[in-house]
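Analysis of the macromolecular model
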Amino acid sequence: MSGLAASQRVAEAAPGNDCKRRVLIIHPEGNFSNNPSLLGLIELLLEHEVAIDLRYRKSKAAPISKAQVRNLPSGFFWAELRKFLVDRLPLPALSRGLAFLERWFCLRRYDAVIGVDRQGLVEACELSRATGIPLIFLSFEILFSEETSTRFKAIEKKAAPFVVLWITQDPLRASHLRQQNALSESTQFLLPLASTGLGQQGVERMRDDLGIPAQARVAIVIGSIAGWSMTSEILASVPEWPQDWVLLVHERYGRTAEQLRSLDHRLQALVGQRIFFSSAASASVDDMAYVFSGVDLGLAFYRPDYATPFTGRNLLYLGLASGKISTYLRYGLPILINEIGLLSREALRAGFGYVVASPAELGALLPHIDTEKSADCAQRYFSEHLDFMNFKNELWLRLEPLLERSARSVQ
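By convention here, each chain's residues receive numbers from 1 onward along its written sequence. For this predicted model, a pLDDT threshold of at least 70 governs which residues receive local features, and a threshold of 80 or more governs which side-chain atom pairs are given and counted, while totals over whole chains, interfaces and linings are taken from all residues. Just so you know, side-chain values use all the structure's heavy atoms and leave hydrogens and water out.

**Regarding the overall build of the chain**
Definition in use: Strands are runs of DSSP state E lasting at least two residues, helices are runs of H or I lasting at least four, and both sets are numbered from the N terminus onward. Relative accessible area decides the class of each residue, using a 1.4 Å probe on protein chains only: under 20% of the type maximum gives buried, over 50% gives exposed, and in between gives partly exposed. Here, residues are in contact when the closest pair of their heavy atoms is within 4.5 Å. Every accessible area reported is derived by Shrake-Rupley at a probe size of 1.4 Å, with residue values counting cover from the shown protein chains alone.
Each helix and strand in the chain was counted, giving 18 helices and 13 strands. Across the 411 residues that make up the chain, the buried fraction comes to 57%. For the chain, restricting intrachain contacts to residue pairs at least 6 apart in sequence, the fraction spanning at least 24 positions comes to 73%. Accessible area for the chain stands at about 17,400 Å²; split by element, carbon and sulfur atoms hold 53% of it.

Here you go:
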């Protein structure tokens, strides 16, 4: 129980007890600072004087440090136990018992609970059922029954009758989520995965600190370094690039070089000349000026590998769920991507990007890219179609009645 007790002390010591309304957000992954939609939602709630408790497993991501926000991280043992019960054991009585202990020791009174992705949904549903407060589901990942199991999905579907509002990124993902989770179309809200407002270029630039020559043109790849993101293929293509282009690789937690130790000897020779690795972790996805200033092109490749339920159909139907791409566009970076459906079609239609079959084609295409023209199209598309500002008022109109109607529950 030490993890619960520690969370209770954090909650009691933190500010934010003077708001009339309070919401709990359960996001076991804990990467609030790297998720633009979550940051936008938090700002929206604070703007309307709604205090927030954040329940999550401790992670490498920076915690949210704002007045009226309380961070309630859980310890390793407690988080693993909860995940095991949600993913492996269909023992509702035991899961509800743990939820009761969690409410008793670390949580308070809420007007609504928001569950993020599968585990957040299941845990939030337990609280909603026990207290009667509204349950809101925020989905960034869709797990398909064909890639999990009927029992695995049944746990999610049991929460569906209690969900009064659910949020996903676009019509295609909404259609699949309705089918997979038995959700109602009448309670859906579409919100692209994107930040608030256009990004601004900064005076301090990562490229300068890494020693990238002033005359070099820079293509960047950010986010996860994994097989499905095709980072190894991007790196392998660099020897074929025009001499005035270099590659900057930025992993969100600053572990870029660590995760790419196994580069072959041909690429090792290019490190510090044609290939540059950042070692700086991003404090927040909303503040990437240092990383993107002086960068010319954003690379974003997605290849479903079906190795896990997260990297199969969830990537095949990516839609507007790429925070990487929306962040590039926010800072005026044109994108170069492979065929991934909606965004690749939009890139060609709106002129903010280029589409290739694989990274092997980068060397042939880079000499013909007009980054200046595409940059204007990138920010225009972000402003018109992705910016959280375009959705915040309508989202609040959906949220406010739920908070007003809720009777404050006593844990």
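**A few points about empty space enclosed by the protein**
Applied cut-off: Cavities and pockets were defined on a 1 Å grid built from protein atoms only: a cavity is a group of points that admits a 1.4 Å probe but offers it no way out, a pocket is an open group of points flanked by protein on both sides within 12 Å along at least five of seven lines, and a lining residue is one with an atom within 4 Å of any such point. Grid points are joined across faces, edges and corners, and a volume is the space filled by probe spheres set on the points. As a working rule, the residues Ala, Val, Leu, Ile, Met, Phe, Trp, Tyr, Cys and Pro are called nonpolar, Asp, Glu, Lys and Arg charged, and the rest polar, with Gly in that last group.
The full count for this structure, using the stated rule, is four cavities of 30 Å³ or more. Taken together, Asp117, Arg118, Phe137, Glu141, Ile142, Leu143, Lys153, Glu156, Leu177 and Asn181 make up the full set of residues lining the second largest cavity. The set of elements that each furnish at least two residues to the lining of the second largest cavity consists of helix 5 (117–131), helix 6 (150–157) and helix 7 (171–181). Classifying every residue of the lining of the second largest cavity gives four nonpolar, one polar and five charged.

**Details of the pairing of strand 13 (residues 353–356)**
In summary, the side chains of a regular strand alternate between the two faces of the sheet. Under the convention used in this document: By the convention used here, strands pair only if DSSP detects at least 2 bridges between them. Crossovers are described as right-handed under a simple rule: with the strands pointing away from the observer, the path leading from the first strand over the helix to the second runs clockwise.
Here strand 12 (residues 335–338) runs beside strand 13; their pairing, made up of four bridges, is parallel. Across the sheet, the residue bridging to Ile335 is Gly353, located in strand 13. What joins strand 12 to strand 13 is helix 15 (residues 342–350), and the crossover it makes is right-handed.

**Concerning the side chain of Ser374**
Here Ser374 lies in helix 17 (residues 371–386). Ignoring anything within four residues of it in the chain, the contact list for Ser374 reads Pro334, Gly351, Phe352 and Tyr354.

**Considering the sheet that holds strand 9 (residues 245–250)**
Stated precisely, the cut-off is as follows: To get an axis, a line is fitted to the C-alpha atoms, and for a helix only the part in contact is used. The angle between two axes follows their N-to-C directions and goes from 0 to 180 degrees.
Pairing is parallel in the open sheet, where six strands are placed in the order 10-9-8-11-12-13. Two strands close off the open sheet at either side, each with one partner strand: strand 10 (275–277) and strand 13. In this sheet, neighbouring strand axes are inclined to one another by 25° on average, regardless of whether the strands run parallel or antiparallel. In the sheet, strand 9 pairs with strand 10 via three bridges, with the strands oriented parallel. Residue pairing across strands places Leu247 opposite Ile275, the latter belonging to strand 10. Each of strand 8 (217–222), strand 11 (297–300) and strand 12 is contacted by helix 14 (residues 323–330), which is oriented at about 170° to strand 11, the strand it contacts most. Contacting strand 12 and strand 13, helix 15 crosses the sheet at an angle of about 135° to strand 12.

**Considering helix 7**
As a reminder of what qualifies: Each direction from the helix axis to a C-beta atom contributes to the arc, which is the arc of those directions. Distance and chemistry together define a polar contact, namely a pair of N or O atoms within 3.5 Å, with one atom able to donate a hydrogen and the other to accept it when in protein, and with adjacent residues in sequence counting only for side-chain atoms on both sides.
Within the span of helix 7, buried status applies to Arg173, Ala174, His176, Leu177, Gln180 and Asn181. Here the buried residues of helix 7 occupy an arc of 165° about the axis, which is enough to place them on one side. Among the exposed residues of helix 7, those pointing more than 90 degrees away from its buried face are Pro171 and Gln179. For helix 7, the elements touching its buried residues are helix 5, strand 5 (135–138), helix 6, strand 6 (163–168), strand 7 (188–190) and helix 13 (313–316). For helix 7, the N-terminal cap is Asp170; the gap from its side-chain oxygen to the backbone nitrogen of Leu172 is 3.0 Å. Looking at the residues trailing helix 7, positive phi occurs at Ala182, about 55°.

**Quick notes on the sheet that holds strand 3 (residues 69–74)**
Spatially, 3-2-1-4-5-6-7 is the arrangement adopted by the seven strands of the open sheet, whose pairing is parallel. Of all the strands in the sheet, just strand 3 and strand 7 have a single pairing partner and so form its edges. Neighbour-to-neighbour, the strand axes of the sheet open up by a mean angle of 20°, direction not taken into account. Across three bridges, the pairing between strand 6 and strand 7 is parallel. Paired with Ile167 across the two strands is Phe189, which belongs to strand 7. Contacts from helix 5 reach strand 1 (21–26), strand 4 (112–116), strand 5 and strand 6, with the element oriented near 155° to strand 4. In this fold helix 7 packs onto strand 5, strand 6 and strand 7, with an angle of close to 140° to the strand it touches most, strand 6.

**Concerning the confidence of the model for the chain**
Regions with low pLDDT should not have their predicted coordinates read in detail. How we decide: pLDDT measures how confident the predictor is about each residue, on a scale from 0 to 100.
Chain-level statistics for the chain give a pLDDT mean of 86 and a share of 82% at 70 or above. A low-confidence stretch, residues 1–17 (pLDDT under 50), is modelled with 30 contacts involving residues beyond four sequence positions or located in other chains. Low pLDDT, under 50, characterises residues 407–411; the stretch is placed with 21 contacts to residues that sit more than four places away or in other chains.

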